[in-house]
Amino acid sequence: MTKQSAPRRHLSTSPFEAPVVPIAKHFALGDRVSHDQYGLGRVIGVEEGIAMLVDFGSRQARIVSPYTQMDKL
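Nothing here was measured: the structure is a model prediction, and the numbers come from that model. (Residues numbered from 1 in each chain as written. Predicted model: local features only at pLDDT ≥ 70, side-chain atom pairs only at ≥ 80, totals over all residues. Heavy atoms only, no water.)

1. As for the overall build of the chain
When helices and strands are counted, the chain shows zero helices and five strands. Starting at the N terminus and ending at the C terminus, the chain contains elements arranged as β-β-β-β-β. For a compact globule of 73 residues, the expected C-alpha radius of gyration is about 11 Å, and the chain comes in at 16 Å, more than 25% above that figure. The dimensions of the chain, computed from C-alpha atoms along their principal axes, are 50 × 30 × 20 Å. Considering the chain as a whole, with its 73 residues, one finds that 21% of them fall into the buried category. For the chain, restricting intrachain contacts to residue pairs at least 6 apart in sequence, the fraction spanning at least 24 positions comes to 31%. Put simply, the chain shows about 6,100 Å² of open surface, and 54% of that area lies on carbon and sulfur atoms. Across the chain, the 9 positively charged side chains and the 7 negatively charged ones have centroids separated by 6 Å. (Helix = DSSP H or I, 4+ residues; strand = E, 2+ residues; numbered from the N terminus. Rg over C-alpha atoms; globule rule 2.2 N^0.38 Å. Buried < 20%, exposed > 50% of the residue type's maximum accessible area, 1.4 Å probe, protein only. Contact = heavy atoms within 4.5 Å. Areas by Shrake-Rupley, 256 points an atom, 1.4 Å probe, with all protein chains shown as cover. Lys, Arg positive; Asp, Glu negative; His and termini not counted. Charge placed at Lys NZ, Arg CZ, Asp CG, Glu CD.)

This is the structure we're talking about:
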């Protein structure tokens, strides 16, 4: 079990902009996807909110959330 720390709070008086949290994309079993590094594939496994197992033909890869490099076709 890994322990995760809480995200840092943004102070309203800070001269820096608030960090942007990417919105997690949602995929279902069997969805066709395109990945920036691996190319075209199909979702073959789902770990809800954590990761997707994707078959890219020549290899299978576990892609972790928030799936910023992957898009649904």
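2. As for the pairing of strand β4 (residues 60–64)
Where burial is concerned, the two faces of β4 differ: the one with Ala 61 and Ile 63 is buried and the one with Gln 60, Arg 62 and Val 64 is not. Examined bridge by bridge, strand β3 (residues 51–55) and β4 share five bridges and lie antiparallel to one another. By the bridge assignment, Val 54 is partnered in β4 with Ala 61. The antiparallel pairing of β3 with β4 creates a hairpin that spans four residues between the two strands, and Gly 57 there sits at a positive phi of about 90°. (Pairing = 2+ DSSP bridges.)

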